[in-house]
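# Chains, contacts and geometry: an overview
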Amino acid sequence: MFLCKPKPTDKWLDAQCDGTAALHTLPACMTLCDLKNDNYYQLVVVDVPLFDFDAKPKLKVYKGTNLTSEQHLPGIPCAVESFYITDQEPRTPIIAVAVESSVLFYRNMKPYYKYTIPGMSVEPLEVDVWSKLPYERGDALDALVDTLRTIEPSQMTLQSQELLALPEAERGAYIQGNAERKLERISIVTAMTTIKRASVDPKAPSCLILATESGEILLLDTQAFLVLAQAKCGPFRGTPSLLSASGQYDIDYRVVIATREGSLCFLRKGWLAAQDIVKLEAPAAGLSLLPIDQTIVVVCMNRALGCYSKKGKKLWRVKLPHPAICMVPVCLPHLGINLVCVALQGGLVQFYSQKRLVDQFYAPESVAALSFGRLGQEEHVLVLVTIEGSLIVKILKRTAEFATTENIYDVQSGEEPPPGPLQIPKKTKVFVEQTLREKAHAATIHGSFQSELWRMRLTTARAIIDVINSADSHMSTVDVGVAPLKLAAEVLGLGPVFKLFLVLENISTRTEATGLQVLIQADHRHYRIERPYLPLPMLVPGAPIRLDFRVTVSVDPSDGLPPVDLTPEASYLKVLVFKAGQKKPLIASTVVMPQPEPQTLPSG
């Protein structure tokens, strides 16, 4: 173990400190938001009672260090998030609190909506057993209860689990009391985060990402409260414990999941299951997907801070002086850097830029939870809640700079020493002769290179002009007066009858496309097409339509062979997509048709 120098920081101002707040919370249960839409950001935090088991958790709002309001919660939440659901004014944020199997939504700190995650299927064997349990006694009852033990506990309802945990003397009363109760399997929310819907504006509408105990990842529409996308946590069963996401739902998004089993999983838009990319040495205590370089920073319970790529490659690793409690990303766009703030046992708080320790300070006690963002009218504020219940607010100085090119605290990274200089091979005779030839004919070689470069540029420019004039492309552009379109074609069959499938998609985010028509051109001597012209319905974004056309090759009835002039070079169709009232096609794509298989004619 190495020792860090207790050098005081000169980058943070001690704004406020309330040692009597008696606030106890979890790392994921803090958020900063403009609660009243007055450009004055407040702290929303969950106060979890530690010693009074009869007391319920409270959702508290702090203006600075002054408590302004509080709400009772039905249980201990796993996460709290603030976001916006609409672009309309006034933009009032929504507070989402994940408690057990539900997400409670608050607007203006008043109950707004309660969403319960979808239930899971119940084993038919368990349903059959519970239909017989109220009518059995003695050994038959014990046999039915033993039948429940054959079901995997993770696939069993809570009602059956409680029955198996009871002594034999209490089972009869429990069965009679729950005989009419419907069997339900509802998972528990274990982690929650948000991503923007279509814009990166701080007050743009967002979507909610939920992770459940059963390993499901749900992406929730916060306006209609519908599941937009659903995926598994990974190829193997795992329980998500931490989430971090970046991107926009309408464009592309990425989600990193840390599981209790010690794995890191990566999920992208459109995937049905996340990929298992890293097996961690110890469970994760903090996770962050940094927005600028898209690297994954994770701090583990074995005093290790590591960074991985999206494919799971380890980029660097730092050994921490004490066990880590929590971590929060510190994004500083005005400096062009992303830091991570790690709270360690003993009150030490460290800031890392990649693997370099750039700042640190000591809190009065060990820090239990961190949050960084806007508070009040300040943009860069760090809020700390200690294990003893103190609330500390620190403001980053406007003149603060972080030396990201050196390790100012002389902390060793715990990695292997960098390798020495590269072993450059000796110059061979062929290399020397080639170098002498290039020196002797430098002008000729340069002139030949420039001539070929200009010829390539000319050929490219001519091809671009041909494409522009003919609109021969599988995608349209936005300068044609409608939403951009994308066309994909697929040919199925052995011939002489083929099926041509066209998939036409509106790839805009908000604009619909109307008045479209599809025309298929072909040489009538070679191909016959049913419905070569087809008007299209309105295309809305994100809903592609699939069209099919029957294409028949004109074969000789006497021998079943195609025309002699139907060569591979002449075997093609032209697919044109038009806008009503326009002469120039939006898309003009060429589809190469396969050669039909020879037909066996009946004898006789």
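Computed from a predicted model, the values in this text were never measured in an experiment.

Take the overall build of the protein chain next. Regarding its fold elements, the protein chain presents 6 helices and 36 strands. Relative to its length of 604 residues, the protein chain is extended, with a C-alpha radius of gyration of 33 Å against a globular reference of 25 Å. In the protein chain, which comprises 604 residues, the share counted as buried stands at 46%. With an accessible surface of roughly 32400 Å², the protein chain has 55% of that area assigned to carbon and sulfur atoms.

In terms of burial, strand β20 (residues 304–308) is a largely internal element, 5 of the 5 residues being buried. What you see with β20 is no split at all: Ala304, Gly306 and Tyr308 on one side and Leu305 and Cys307 on the other are buried throughout. Hairpin connection of β20 to strand β21 (residues 314–319): 5 residues between the antiparallel strands, including glycine 312 at a positive phi of 95°.

If you add up the space inside the second largest pocket, you get close to 490 Å³. Looking at the lining of the second largest pocket residue by residue, the class counts come to 7 nonpolar, 7 polar and 6 charged.

Quick look at the environment of arginine 510 now. Among the secondary structure elements, arginine 510 is positioned in the loop between β30 (497–506) and β31 (516–521). Taking the C-alpha atoms as reference points, arginine 510 and valine 200, separated by 310 residues in sequence, lie 16 Å from one another. Not counting residues within four places of it along the chain, the set of residues in contact with arginine 510 comprises Asp87, Ala198 and Pro541.

Below, the discussion takes up the pattern of salt bridges. All chains considered together, the criterion is met by 20 salt bridges. A salt bridge links arginine 197 to aspartate 250, with the shortest nitrogen-to-oxygen separation between them at 3.5 Å. Of this pair, arginine 197 sits in the loop between β10 (189–196) and β11 (206–212) while aspartate 250 sits in the loop between β14 (240–248) and β15 (252–259), placing them 53 residues apart in sequence. Residue classification places arginine 197 among the partly exposed positions, given a relative accessible area of 24%. One salt bridge in this structure joins arginine 268 and aspartate 252, with 2.2 Å as the shortest N-O distance. Of this pair, arginine 268 sits in strand β16 (residues 263–268) while aspartate 252 sits in strand β15, and the two are 16 residues apart along the sequence.

Positionally, threonine 150 belongs in the loop between α2 (138–148) and α3 (158–165). Note: C-alpha distance between threonine 150 and tyrosine 572 (422 residues apart in sequence) is 61 Å. Here the side chain of threonine 150 touches threonine 147 through a polar contact of 2.5 Å, landing on its backbone oxygen.

Looking now at the sheet that holds strand β34 (residues 545–553). Strands sit in the order β29-β30-β34-β32 across an open sheet of 4 strands; the sheet is antiparallel. The open sheet has two free edges, formed respectively by β29 (485–492) and β32 (527–529), since each of these has just one partner strand. Adjacent strand axes in the sheet meet at a mean angle of 25°, parallel and antiparallel pairs treated alike. When β30 meets β34, the two strands line up antiparallel, connected through 8 bridges. Looking across to β34, one finds that lysine 499 is bridged to arginine 550.

What follows concerns the packing of aromatic side chains. By the definition in use, this model includes 9 aromatic pairs. Measuring from centroid to centroid gives 5.2 Å for tryptophan 12 and phenylalanine 351, while their planes differ by 20°, and the two rings are stacked. Of the two residues, tryptophan 12 is situated in strand β1 (residues 12–18) and phenylalanine 351 in strand β24 (residues 348–353); the sequence distance between them amounts to 339 residues. Assigned by exposure class, tryptophan 12 and phenylalanine 351 land together as buried. Between the aromatic rings of tyrosine 249 and tyrosine 253, the centroid separation amounts to 6.0 Å while the plane-to-plane angle is 20°, which identifies the pairing as stacked.

This part takes up the sheet that holds strand β8 (residues 102–107). In spatial order, the strands read β6-β7-β8-β9; together these 4 strands make up an open sheet with antiparallel pairing. Only two strands of the sheet have a single neighbouring strand rather than two, namely β6 (79–83) and β9 (110–116). Between one strand axis and the next, the sheet turns by 20° as a mean value, whatever way the strands run. Judged from the 5 bridges that link them, β6 and strand β7 (residues 94–99) form a sheet pairing that is antiparallel. Each residue of the ladder has a partner; that of valine 80, found in β7, is valine 97.

Of note in this structure, alanine 22 is not a glycine but carries a positive phi near 50°. Within the secondary structure layout, alanine 22 lies in the loop between β1 and β2 (30–33). With relative accessibility at 45%, the residue alanine 22 sits in the partly exposed group. Of note in this structure, arginine 531 is not a glycine but carries a positive phi near 55°.

Analysis parameters
- Residues numbered from 1 in each chain as written.
- Predicted model: local features only at pLDDT ≥ 70, side-chain atom pairs only at ≥ 80, totals over all residues.
- Heavy atoms only, no water.
- Helix = DSSP H or I, 4+ residues; strand = E, 2+ residues; numbered from the N terminus.
- Rg over C-alpha atoms; globule rule 2.2 N^0.38 Å.
- Buried < 20%, exposed > 50% of the residue type's maximum accessible area, 1.4 Å probe, protein only.
- Areas by Shrake-Rupley, 256 points an atom, 1.4 Å probe, with all protein chains shown as cover.
- Pairing = 2+ DSSP bridges.
- 1 Å grid on protein atoms, 1.4 Å probe; cavity = no way out; pocket = protein on both sides within 12 Å on 5 of 7 lines; lining within 4 Å.
- Points joined across faces, edges and corners; volume = space filled by probe spheres on them.
- Nonpolar A, V, L, I, M, F, W, Y, C, P; charged D, E, K, R; others polar.
- Contact = heavy atoms within 4.5 Å.
- Salt bridge = Lys/Arg side-chain N within 4 Å of Asp/Glu carboxyl O.
- Polar contact = N/O pair within 3.5 Å; in protein donor to acceptor, adjacent residues only side chain to side chain.
- Axes fitted to C-alpha atoms, helices over the stretch in contact; angles between N-to-C directions.
- Phe/Tyr/Trp six-rings, centres within 6.5 Å; stacked < 30°, edge-to-face > 60°.

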